[in-house]
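Below are the chains, spelled out letter by letter.
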Amino acid sequence: MDVTDELEARLRRFPAERYPVQRATTLFHLGLVLSGQDPPRAEDVLSESAQLFMRSGLEVEAAKAANALGAVLRDLGRPAEAVAAFRRAAEGLPPGSAERAAALFNLGLVTRDGALLSEAREAFAALGARREEASAARELGALLLEQGDVPGAVALLERAVERAESAGDAASLGAAANAAGLAYLAAGRGSDAIDVLRRATAAHPRSIRPEQHAMAKANLALAYEHAGNSRRARLAAKQARAVPGVPTPVRRQAEETLARLGDAAGDLPPLLDEESRESWPALIREEAVRWAEADADSLRDEARAWVTAQDGSRAEALLGALLELPPAAMQRVLDAVLAAGTEATRAELERASSLFHAPQELRVRELIARWEERRSSQAI
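Residues numbered from 1 in each chain as written. Predicted model: local features only at pLDDT ≥ 70, side-chain atom pairs only at ≥ 80, totals over all residues. Heavy atoms only, no water.

*Asks:* In this structure, what is going on with the packing of aromatic side chains? I would like to understand it.
*Replies:* We describe a pair of aromatic rings using the distance from one ring centre to the other and the angle between the two ring planes. Across all of its chains, the model carries three aromatic pairs by this definition. When the centroid spacing of 6.4 Å and the interplanar angle of 70° are considered together, the rings of F105 and F124 count as edge-to-face. Here F105 is found in helix α6 (residues 98-111), whereas its partner F124 is found in helix α7 (residues 114-127), with 19 residues between them in sequence. Classification of F124 as buried rests on a relative accessible area of 4%. Seen from their ring centres, W291 and W306 are 6.2 Å apart, and the 75° between their planes marks the pair as edge-to-face. Here the residue W291 occupies a position in helix α16 (residues 280-293), and W306 occupies one in helix α17 (residues 296-308), the gap between them amounting to 15 residues. For the pair W291 and W306, a shared accessibility class is recorded, and that class is buried. Of note, R314 hangs over the ring of W280, and the distance from its end group to the ring centre comes to 6.0 Å. (Phe/Tyr/Trp six-rings, centres within 6.5 Å; stacked < 30°, edge-to-face > 60°. Helix = DSSP H or I, 4+ residues; strand = E, 2+ residues; numbered from the N terminus. Buried < 20%, exposed > 50% of the residue type's maximum accessible area, 1.4 Å probe, protein only. Lys NZ or Arg CZ within 6 Å of the ring centre and 35° of its normal.)

Okay, here's the thing in structure tokens:
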């Protein structure tokens, strides 16, 4: 029996007439569970919970239920009703409590009221709630940026980054760093924008939070463009656009960047010439992931550009990145490089494979052998 079934069973044992408080408590916990599963049902459950608590004279508990109800109404796209619920919560919760600070934060989010967000941030700070303070500082900073108060936004978003990092919350850090990057761009601090947006992409791994990763990458492309680094800007924009399920506004922003800077293949090899070898693995890894998912024409063009700039020292770095990919993805990229190259390309890859541990070397040689077999069979 899962948590929902257990709570539903408990609910049947607590009729409202005989056990109003027990029923209200069970409804509250059930509503929290249902909030992410079945919001319309969660609305009904939390509404009943708040009413029962209020009839029983438990105003604080009723306010907590109202706060949870407000979050559900917000997610259901009913902001006016959410505001009413959050106001009831804020009025019924004790001053200085974490619950009241959360209600104020929620109310400030829906109403876009800077005073409420500021009050919530100060309350969280007084409570030592670093993650919550980071969220409030981030939202208030973003609001100030929208209103044109760039210095105020920068100060708050720097605080948000620091608080999220000290709380050890990667998701919050990524969100704060992304917002801080936009504030730095508005302030004309391009170098700071690049640094913090790179932190945002790292805090939002592509495989874990793809939408947030794509957003940070698209903003990083803007930062590189503003800094005059067109090559890195194009790579970042292409990588943002290539993330599976990328939100439409993010895709559009990346495509607008590429429309300004060009969308041709081949930026990676010359970029490696400009960078230290220590930075090669990360640069190649990000592109290898994109190449593995690219359409056939794009992959072919990137492989040709790579082979044209062929350098034996890069073969090892390329294989290191490919060996981190799933087998089918590795095979696809390796096939494209081999098809675009010459016998010298194959020989360089085989020599580079000997620099890895035996299982990895054998894997590379096996994939090269498979490609040779397919090429031979197609030639017959």
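Still more ground to cover, so stick around.
*Asks:* How should I be thinking about unusual backbone geometry in this particular structure?
*Replies:* Negative phi values dominate among residues other than glycine, just as trans dominates among peptide bonds. Not every positive phi belongs to a glycine, and R112 is a case in point at roughly 55°. Relative to the helices and strands, R112 is located in the loop between α6 and α7.

*Asks:* Explanation requested: the nonpolar core in the structure shown.
*Replies:* Looking at soluble globular proteins, one finds that nonpolar side chains tend to be buried together. Counting 73 residues, the largest nonpolar core has F124, V161 and V196 as its most contacted members. Considering each element in turn, this core owes the most residues, nine residues, to helix α4 (residues 59-75). In terms of nonpolar packing, the next biggest core, distinct from the first, is built from 36 residues, V307, L319, A336 and V364 among them. (Core = buried A, V, L, I, M, F, W, Y, C linked by side-chain atoms within 4.5 Å.)

*Asks:* It is not clear to me how the pattern of salt bridges should be interpreted in this structure. Could you clarify?
*Replies:* Opposite charge on two side chains permits pairing when their charged atoms draw close. One pass over the structure, following the stated rule, counts 45 salt bridges. Here R131 makes a salt bridge to E132, at a shortest N to O gap of 3.7 Å. Look at E132 and you get partly exposed, because its relative accessible area is 30%. Across the pair E302 and R290 runs a salt bridge whose closest N-O atoms are separated by 2.9 Å. Residue E302 is located in helix α17, and its partner R290 is located in helix α16; the two are separated by twelve residues in the primary sequence. Note on accessibility: E302 and R290 belong to one class, buried. In this structure, a network of salt bridges that share partners links the residues R231, R234, K238, D267, E274, E287, R290 and E302. (Salt bridge = Lys/Arg side-chain N within 4 Å of Asp/Glu carboxyl O.)

*Asks:* Explain the side chain of R314 to me, please; I cannot follow it from the model alone.
*Replies:* On the secondary structure map, R314 appears in helix α18 (residues 312-322). Among the polar contacts listed, one links the side chain of R314 to the backbone oxygen of P269, at a separation of 3.4 Å. Apart from the residues within four sequence positions on either side, R314 is in contact with P269, L272, D273, W280, W306 and A309. (Polar contact = N/O pair within 3.5 Å; in protein donor to acceptor, adjacent residues only side chain to side chain. Contact = heavy atoms within 4.5 Å.)

*Asks:* Could you clarify how one ought to interpret helix α5 (residues 79-92) in this entry?
*Replies:* An α-helical turn contains 3.6 residues, so any two residues separated by three or four positions project in the same direction. With 14 residues, α5 should cover 20 Å at 1.5 Å per step; its first-to-last C-alpha distance of 20 Å lies within 8% of that length. Of the positions making up α5, those classed as buried are A82, V83, A85, F86, A89 and A90. Mapping the buried residues of α5 onto a view down its axis gives an arc of 170°, with all of them on the same face. Structural note: α5 exposes A80 and E91 on the side pointing more than 90 degrees away from its buried face. Where α5 is buried, its residues contact α4 and α6. (Expected span 1.5 Å × (residues − 1). Arc of directions from axis to C-beta.)

*Asks:* What am I meant to see in the packing of helix α8 (residues 130-146) against helix α9 (residues 150-167) here?
*Replies:* Think of two packed helices as two axes; the pair is described by the angle between the axes and how far apart they sit. Remark: α8 packs on α9, axes separated minimally by 8 Å, with the N-to-C direction vectors making an angle of 160°. One finds that α8 runs roughly antiparallel with respect to α9. Where α8 crosses over α9, the handedness of that crossing is left-handed. Taken together, the residues of α9 that come into contact with α8 (itself represented by R130, R131, E133, A134, A137, R138, L140, G141, A142, L144 and L145) are V150, G152, A153, L156, L157, R159, A160, R163, A164, S166 and A167. (Axes fitted to C-alpha atoms, helices over the stretch in contact; angles between N-to-C directions. Parallel < 35°, antiparallel > 145°, perpendicular 65-115°, else oblique. Left-handed = near helix turned anticlockwise from the far one by under 90°.)

*Asks:* Just checking my understanding: could you explain helix α20 (residues 343-353) for this structure?
*Replies:* Every buried residue belonging to α20 is among T345, R346, L349, A352 and S353, and all of these are buried. Buried residues along α20 cover an arc of 130° about the axis, so they all sit on one side. Measuring from the side-chain oxygen of the N-cap residue of α20 to the backbone nitrogen of A344 gives 3.1 Å; that N-cap residue is T342.

*Asks:* Looking at this structure, how should I read the environment of A180?
*Replies:* Mapped onto the fold, A180 is located in helix α10 (residues 170-186). On the basis of relative accessible area, A180 is assigned to the buried category, the value being 4%. For A180 and A62, which are 118 residues apart along the polypeptide, the C-alpha to C-alpha distance reads 37 Å. Leaving out residues up to four positions away in the same chain, A180 has contacts with L157, V161 and V196.

*Asks:* Explain the environment of E343 to me, please; I cannot follow it from the model alone.
*Replies:* Here E343 is to be found in helix α20. In this structure E343 comes out as partly exposed when scored by relative accessible area, which is 42%.

*Asks:* What is the right way to read the environment of E211 from this model?
*Replies:* Relative to the elements of secondary structure, E211 occurs in helix α12 (residues 210-226). The spacing of E211 and L299 is 88 residues in sequence and 23 Å in space, taken between C-alpha atoms. Ignoring anything within four residues of it in the chain, the contact list for E211 reads G245 and P247.

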